[in-house]
Amino acid sequence: MVVLNNGSYTRVDARRSASAIDVTLASADISLLFEWETLDYPYGSDHLPISFGTTSIHSDVTLPAINYKKVDWTLYENLVEEAVSRNRNPTYDEFFQIVKTSLVQACPPPRPLQTTKKVPLPFWDDELDAAKCESRQKFSVWRRSLDYEAYQDYSAAEKRFKDLVKSKRSQSWRAKCDTLDSQTSVKDLWRWAKRYKGRAAGRQQTLRDEQILEEVLDRLAPSSTRPPPPPESVCDCGRHNGQSYFSIHDLQTVFKQGKDTAPGADDLNYSTIRKLPSTLK
């Protein structure tokens, strides 16, 4: 394992001390792909938020979010076979691109994402904006100097901001409650409560009966389950000095037992490999 921290401290306290007690680890083979940094504001904590991420590997094809239950696997197999027939001896990277391109083409177009819109809190005003900005500025001064007086200034500014939020929320809540009467609908109450949580009161997403039935049937009888095929010829990659290590049947058995968990750095999971044409496995 490799530590991704770049030397920046991740925690600061009032005693003018800073430390990096929050450690991020990654496997050695992917550690160089990551970028790691701390954010500039602790949001009321003495630990700085950590941001790290990586761009995926050597592929020119980026896989979108795929619902593998909706993939046309017959089309996927045909596309892979057609692409390989045009390039009889693809390199590993070329074959990797063929598989991912075919998978994308065999997927139905994704539906537009319905995100929950962030709405302003009903009690938020310019006074709260100014208090939050002051707290950020005081923290930046303290982070650069690690001076105890600067920490006291930041603590006082943060406390004023939190107290102001609590007061504004309480006043707004009481004012809203005074407007309620017997004619107020439950729908309006829920919309009002969501606004105080900072969420839009949009339409609630519900699954259609067909989708629910499909999920139940897939759990009872997964589409990937097939009767075990008879043993076929031994894979050349499993031979050493004329003796076989595993057969195609062994490989297919392993794939059937494996679930589609999060893919690795190549973005390919068990289904993508399991559904390859038998001549290419």
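Residues numbered from 1 in each chain as written. Predicted model: local features only at pLDDT ≥ 70, side-chain atom pairs only at ≥ 80, totals over all residues. Heavy atoms only, no water.

Asks: Help me get a handle on the side chain of R143, residues and values and all.
Replies: Tracing the chain through its elements places R143 in helix α3 (residues 126-145). Within the local environment of R143, its side chain forms a polar contact with the side chain of T38, the two groups lying 2.9 Å apart. (Helix = DSSP H or I, 4+ residues; strand = E, 2+ residues; numbered from the N terminus. Polar contact = N/O pair within 3.5 Å; in protein donor to acceptor, adjacent residues only side chain to side chain.)

Asks: Summarise the packing of α3 against helix α4 (residues 148-177); cite the residues concerned and give the values.
Replies: Close contact between α3 and α4 brings their axes to 8 Å; oriented N to C, the two are set at 160 degrees. When the interaxial angle is binned, α3 and α4 end up roughly antiparallel. In terms of crossing hand, the pair formed by α3 and α4 is left-handed. Side by side, α3 and α4 meet where E127, L128, A131, K132, E134, S135, K138, F139, V141, W142 and S145 of the first sit next to A150, Y151, D153, Y154, A157, E158, R160, F161, L164, V165 and K168 of the second. Residue composition of the contact of α3 with α4, by class: 12 nonpolar, two polar and eight charged. (Axes fitted to C-alpha atoms, helices over the stretch in contact; angles between N-to-C directions. Parallel < 35°, antiparallel > 145°, perpendicular 65-115°, else oblique. Left-handed = near helix turned anticlockwise from the far one by under 90°. Contact = heavy atoms within 4.5 Å. Nonpolar A, V, L, I, M, F, W, Y, C, P; charged D, E, K, R; others polar.)

Asks: Can you explain the pattern of salt bridges? Please cite residues and give values.
Replies: Inspection of every chain in the model, using the stated rule, returns seven salt bridges. Here E82 ties to R86 by a salt bridge, and the two come within 3.2 Å at their closest N and O atoms. Of this pair, E82 and R86 both sit in helix α1 (residues 73-86), separated by four residues, roughly a single helical turn. Across the pair R191 and D188 runs a salt bridge whose closest N-O atoms are separated by 2.8 Å. Of this pair, R191 and D188 both sit in helix α5 (residues 186-196), three residues apart, roughly one helical turn. By relative accessible area, R191 is classed as partly exposed at 33%. For D188, a relative accessible area of 35% corresponds to the partly exposed category. A single salt-bridge network, built from bridges that share partners, covers D125, E127 and K168. (Salt bridge = Lys/Arg side-chain N within 4 Å of Asp/Glu carboxyl O. Buried < 20%, exposed > 50% of the residue type's maximum accessible area, 1.4 Å probe, protein only.)

Asks: Lay out the packing of aromatic side chains with the relevant residues and their values.
Replies: All chains considered together, the criterion is met by nine aromatic pairs. Consider the rings of W142 and Y154, whose centres lie 5.6 Å apart with planes at 15 degrees: the pair is stacked. Of the two residues, W142 sits in helix α3 while Y154 sits in helix α4, which places them 12 residues apart along the sequence. In textbook terms, an aromatic cluster arises when at least three aromatic residues are bridged by ring pairs, as seen for Y41, F139, W142, Y151 and Y154. Above the face of the Y41 ring, R136 is positioned so that its terminal group lies 4.5 Å from the ring centre. (Phe/Tyr/Trp six-rings, centres within 6.5 Å; stacked < 30°, edge-to-face > 60°. Lys NZ or Arg CZ within 6 Å of the ring centre and 35° of its normal.)

Asks: Mind laying out the nonpolar core, listing which residues take part and the relevant values?
Replies: Of all hydrophobic cores here, the largest spans 15 residues; its most connected members are V71, Y76, V80 and L103. Counting only elements with at least two residues in this core, the list comes to α1 and α2 (92-105). In terms of residue count, the dominant contributor to this core is α1 (five residues). (Core = buried A, V, L, I, M, F, W, Y, C linked by side-chain atoms within 4.5 Å.)

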